[in-house]
Amino acid sequence: MSLEHLILPENYRSSLSVRETEHAIKLIKDRFQMELAAELNLYRISAPLYLRPESGLNDDLNGVERPVSFDIREMGATVEIVHSLAKWKRVALKKYGFEPGEGIYTDMNAIRRDEDMDNLHSTYVDQWDWEMIITKEGRNLETLKSIVRGIYSAMKKTEKYLLSQYPRLRQNLPERIHFMTTQELEDRYPDLSPKEQEDAITRELGAVFLMQIGGVLKSGQKHDGRAPDYDDWSLNGDILLYYPVLDRAFEVSSMGIRVDAPTLKKQLALAGCQEREKLEFHQALLKGELPLTAGGGIGQSRLCMYLLGKAHIGEVQASVWPEEMLRVCHEHHIDLL
């Protein structure tokens, strides 16, 4: 296990004790989901931890990550731990009878066994997964930007509340979020790698919604990978923040307007994944049986880490870490839960 990507901030000290941290985590989670639900008109629902692979409902992320699977004796079937609920939520919206302008959110817990563990990445993932129904006319950039501003507003209100409870914490969120496409970012920093581009633009602007992730850019490269069967690559993006503790870009959310039938066929062809058209979810979408939606995930531990000024996600999340990482972090006053 290599620690080459682990960042160890000089003279780091947590502003809160472990006990205070645990209390603050609950404050953040309770407050943010309340603010998010109010901003986007979302209702909380329950969600599965695992799904049957033949349903096609599991999120394929970048298409290379291996899901964790196990067999259920009573069913004589194998199931997969979710990567996220990007597709499942869309089916749930139809099943539960939601209408345009309404949506859902849920606690999503996942295991991503192929993650490279560092300050921001764990094999355990916890996020708020949300999804809302939109109209055909609403599948556009203005709808996407409006949703992003709503999420950012919920983050700002949560930060304000947290600072009222723990005044010794510092305010980090800029007043506004900027919008930029991956092509504009590449044009701006042509000599930098995609991650270096993100670092540079967030240092400059503070908070950025980076749009149009998944397609090939003029350079012939992709900024980052995206599964072809949930986000529309022309109407999606990530919320990126500059994080002074680590002096780098900090992703707190990935989201987008979801594929309709024509976009699904196009992106499956571009990704060479046409065989997925036979899966239950894809068949329902191609037949027009599912609502048009926008949705995404917002990292729970990520948001807590950012608002609490922590150096490592393990300071706000109980998980499993390599012994060497535990030792090195402790030596630098980064005590993982």
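Residues numbered from 1 in each chain as written. Predicted model: local features only at pLDDT ≥ 70, side-chain atom pairs only at ≥ 80, totals over all residues. Heavy atoms only, no water.

Q: Got a minute to help me understand the layout of surface pockets in this structure?
A: Remark: the empty space left among the atoms is shown by a probe the size of a water molecule rolled over them. The computed volume of the second largest pocket comes to approximately 310 Å³. Surrounding the second largest pocket, 16 residues form its lining, G214, G215, V216, W233 and S234 being those nearest its centre. Contributions of two or more residues to the lining of the second largest pocket are made by α4 (182–188), β9 (231–243) and α6 (261–271). Take the lining of the second largest pocket: its biggest share by element is five residues, from α6. Classifying every residue of the lining of the second largest pocket by side-chain character gives five nonpolar, eight polar and three charged. (1 Å grid on protein atoms, 1.4 Å probe; cavity = no way out; pocket = protein on both sides within 12 Å on 5 of 7 lines; lining within 4 Å. Points joined across faces, edges and corners; volume = space filled by probe spheres on them. Helix = DSSP H or I, 4+ residues; strand = E, 2+ residues; numbered from the N terminus. Nonpolar A, V, L, I, M, F, W, Y, C, P; charged D, E, K, R; others polar.)

Q: How do you make sense of the UniProt feature "domain: Aminoacyl-transfer RNA synthetases class-II family profile" (unreviewed entry) in the protein when you look at a structure like this?
A: When the UniProt feature table is mapped to this numbering, "domain: Aminoacyl-transfer RNA synthetases class-II family profile" (unreviewed entry) covers residues 113–322. Here residues 113–322 is 34% helix and 24% strand, with 13 Å between the C-alpha atoms at its ends. (UniProt positions renumbered as here; feature names shortened; annotations may be inferred.)

Q: Would you mind showing me how to read helix α2 (residues 88–95) here?
A: For an α-helix the count is 3.6 residues per turn, leaving residues at separations of three or four pointing the same way. Those residues of α2 not exposed but buried are W88, K89, R90, A92 and L93. Buried residues in α2 make contact with β2 (50–51), β5 (103–111), β6 (124–133), β10 (248–258), α7 (280–286) and β11 (293–299). Positive phi appears at G97, one or two residues downstream of α2, with a value of about 80°. (Buried < 20%, exposed > 50% of the residue type's maximum accessible area, 1.4 Å probe, protein only. Contact = heavy atoms within 4.5 Å.)

Q: Looking at this model, I keep getting lost on the nonpolar core. Mind explaining?
A: Across soluble globular proteins, nonpolar side chains show a tendency to be buried alongside one another. Counting residues in each nonpolar core, the largest one holds 60 residues, and the members touching the most others are W130, I151, M155, L241 and L308. Top contributing element to this core by residue count: helix α3 (residues 141–165), with nine residues. If near-sequence neighbours (up to four positions away) are discounted, L308 is found in contact with L16, T21, A24, I25, I28, L162, L169 and V316. (Core = buried A, V, L, I, M, F, W, Y, C linked by side-chain atoms within 4.5 Å.)

Q: I'm lost on the packing of aromatic side chains in this one. Help?
A: What characterises a pair of aromatic rings is the spacing of the ring centres plus the angle enclosed by the ring planes. The final tally for this structure, using the stated rule, is seven aromatic pairs. Aromatic side chains Y50 and F70 sit 5.2 Å apart centroid to centroid with 80° between the ring planes, which places their arrangement in the edge-to-face category. Linking Y50 in strand β2 with F70 in strand β3 (residues 69–72), this pair joins segments that are 20 residues apart in sequence. Aromatic side chains F179 and F209 sit 6.0 Å apart centroid to centroid with 70° between the ring planes, which places their arrangement in the edge-to-face category. Placement of F179 in strand β7 (residues 178–181) and of F209 in strand β8 (residues 207–211) is noted, with a sequence separation of 30 residues between them. One aromatic cluster in this structure is built from Y243, F250 and Y306. The ring of Y161 has R31 sitting right over it, with the charged end atom 4.3 Å from the ring centre. Directly above the aromatic system of F179 lies the positively charged group of K145, at a separation of 5.3 Å from the ring centroid. (Phe/Tyr/Trp six-rings, centres within 6.5 Å; stacked < 30°, edge-to-face > 60°. Lys NZ or Arg CZ within 6 Å of the ring centre and 35° of its normal.)

Q: Looking at this structure, I do not really get the pattern of salt bridges. What am I missing?
A: Pairing between side chains of opposite charge can happen when the charged atoms of each approach one another. Applying the stated criterion to the full structure yields 23 salt bridges. K157 is the salt-bridge partner of E39, the closest N and O atoms lying 3.0 Å from each other. Highlighted residues: E39 in helix α1 (residues 18–40) and K157 in helix α3, separated in sequence by 118 residues. For E39, a relative accessible area of 29% gives the class partly exposed. Among the residues examined, K157 registers a relative accessible area of 39% and is labelled partly exposed. Residues R258 and D231 are paired through a salt bridge, measuring 2.5 Å at the closest nitrogen-oxygen approach. Of the two residues, R258 sits in strand β10 while D231 sits in strand β9, which places them 27 residues apart along the sequence. One salt-bridge network, in which partners are shared between bridges, spans K89, D129, E131, D231 and R258. (Salt bridge = Lys/Arg side-chain N within 4 Å of Asp/Glu carboxyl O.)

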